[in-house]
Amino acid sequence: MAGRRTDTKERIQQVALELFAERGYEQTTLQEVAERLEITRPALYYHFRTKEAILASVVEGLLSSVEELVEWGRAQPRTPEARREILQRIGGLLQDQWQPLVKFAQVNQGVMQEVPTGERMRDEMLKMVSLLEEPGASPVRRFQARLAVVAVIMGSVAFPIDMDVPESERSAVAMEVAMKLISEE
């Protein structure tokens with residue numbers, strides 16, 4: 001029974017984020033989330049009483065994943081191979097968990113700044129990006145590390161419209177660019 005409850009919570013989170021990205025956070029109601037899920041509002045309320053609770057649970061899940069990645073990354077040697085593995089893991093998390101939240105954040109930037117965990121999320125993301133930086137790196141190399149993460153994010157969400165890259169190849173192209181950004185020159 002606990003497995004079904006977790007599955008339902010995850011479905012609610014996923015569908016809510018899709019609607020928040022499509023319609024905007026402020027314009028989406030819990031009724032619309034319930035309708036999209038084909039469940040009753042009381043069934044939805046059993047898991048989440050508010051939109052804020054849904055968003056907070058998604059952000060907490062992301063933060064947990066980032067914290068685990070940072071902890072693992074800090075235990076790795078500061079080598080080019082470790083940086084490539086860290087970037088691969090960031091890409092894997094984007095594909096597995098973060099993609100809906102990234103899409104949501106693009107459309108609802110103001111909301112992300114207002115959520116209580118927003119500042120903590122920003123801090124954890126900076127810790128994650130810092131794992132890609134070489135010790136004593138120049139500002140240019142540090143900026144390249146940040147751009148590498150941006151490239152991976154763009155590949156998981158969407159390229160600029162004028163690029164003719166099939167969706168199935170988007171992540172691989174973005175990862176190739178990201179790897180070049182963190183490679184030794």
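Here the structure is shown first, and the text comes after it.
Figured I'd write up the structure that's included with this text. (Residues numbered from 1 in each chain as written. Predicted model: local features only at pLDDT ≥ 70, side-chain atom pairs only at ≥ 80, totals over all residues. Heavy atoms only, no water.)

## So, empty space enclosed by the protein
Here comes step 1: If you walk through the whole model with that rule in mind, you get one cavity of 30 Å³ or more.
Here comes step 2: One number sums up the size of the largest cavity: a volume of about 30 Å³.
Here comes step 3: Lining the largest cavity are L132, E133, E134, R141, Q144, A145, L181 and I182.
Here comes step 4: A breakdown of the residues in the lining of the largest cavity according to their chemical character gives four nonpolar, one polar and three charged. (1 Å grid on protein atoms, 1.4 Å probe; cavity = no way out; pocket = protein on both sides within 12 Å on 5 of 7 lines; lining within 4 Å. Points joined across faces, edges and corners; volume = space filled by probe spheres on them. Nonpolar A, V, L, I, M, F, W, Y, C, P; charged D, E, K, R; others polar.)

## Examining the packing of helix 8 (residues 139–157) against helix 9 (residues 167–182)
The angle between the axes and the distance between the axes are what describe a pair of packed helices.
Here comes step 1: The N-to-C vectors of helix 8 and helix 9 enclose an angle of 175 degrees; their axes lie 8 Å apart at closest approach. Looking at the two axes, helix 8 sits roughly antiparallel to helix 9. Mapping the contact onto sequence places R141, Q144, A145, L147, A148, A151, V152, G155, S156 and V157 in helix 8 and R170, S171, A174, M175, V177, A178, L181 and I182 in helix 9.
Here comes step 2: Residues of the contact of helix 8 with helix 9, tallied by class, amount to twelve nonpolar, four polar and two charged. (Axes fitted to C-alpha atoms, helices over the stretch in contact; angles between N-to-C directions. Helix = DSSP H or I, 4+ residues; strand = E, 2+ residues; numbered from the N terminus. Parallel < 35°, antiparallel > 145°, perpendicular 65-115°, else oblique. Contact = heavy atoms within 4.5 Å.)

## Notes on the side chain of Q13
Here comes step 1: Mapped onto the elements, Q13 comes out in helix 1 (residues 2–23).
Here comes step 2: A distance of 2.7 Å separates a polar atom in the side chain of Q13 from a polar atom in the side chain of S57.
Here comes step 3: Residues within four places of Q13 in sequence aside, it is in contact with F48, I54, S57 and V58. (Polar contact = N/O pair within 3.5 Å; in protein donor to acceptor, adjacent residues only side chain to side chain.)

## Observations concerning a nonpolar patch on the surface
Here comes step 1: A cluster of nonpolar residues, F143, L147, V150 and M154, forms a patch on the protein surface that exposes about 340 Å² of accessible area.
Here comes step 2: Here V150 is to be found in helix 8.
Here comes step 3: A relative accessible area of 41% places V150 in the partly exposed class. (Patch = residues over 30% accessible without salt bridge, like charges linked within 9 Å, V, L, I, M, F, W, Y side chains within 5 Å. Areas by Shrake-Rupley, 256 points an atom, 1.4 Å probe, with all protein chains shown as cover. Salt bridge = Lys/Arg side-chain N within 4 Å of Asp/Glu carboxyl O. Buried < 20%, exposed > 50% of the residue type's maximum accessible area, 1.4 Å probe, protein only.)

## Some words on the pattern of salt bridges
Here comes step 1: In the structure shown here, the tally under the stated rule is 14 salt bridges.
Here comes step 2: Between R141 and E134 there is a salt bridge whose closest N-O contact spans 2.6 Å.
Here comes step 3: Relative accessible area serves as the criterion here: at 16%, R141 is assigned to the buried category.
Here comes step 4: Each of the salt bridges in this network shares a partner with another, and the network as a whole consists of E18, E22 and R36.

## Side note on the nonpolar core
Here comes step 1: Core analysis: the biggest nonpolar cluster contains 49 residues, and V33, L55, L87, I90, L101, F104 and L132 have the highest contact counts within it.
Here comes step 2: Among the secondary structure elements, those contributing two or more residues to this core are helix 1, helix 2 (30–37), helix 4 (51–74), helix 5 (80–107), helix 6 (109–114), helix 7 (118–130), helix 8 and helix 9.
Here comes step 3: No other element matches the nine residues that helix 4 contributes to this core.
Here comes step 4: Residues contacting L101, with those up to four places away along its chain left out, are L17, L55, V58, V59, L62, M112 and M121. (Core = buried A, V, L, I, M, F, W, Y, C linked by side-chain atoms within 4.5 Å.)

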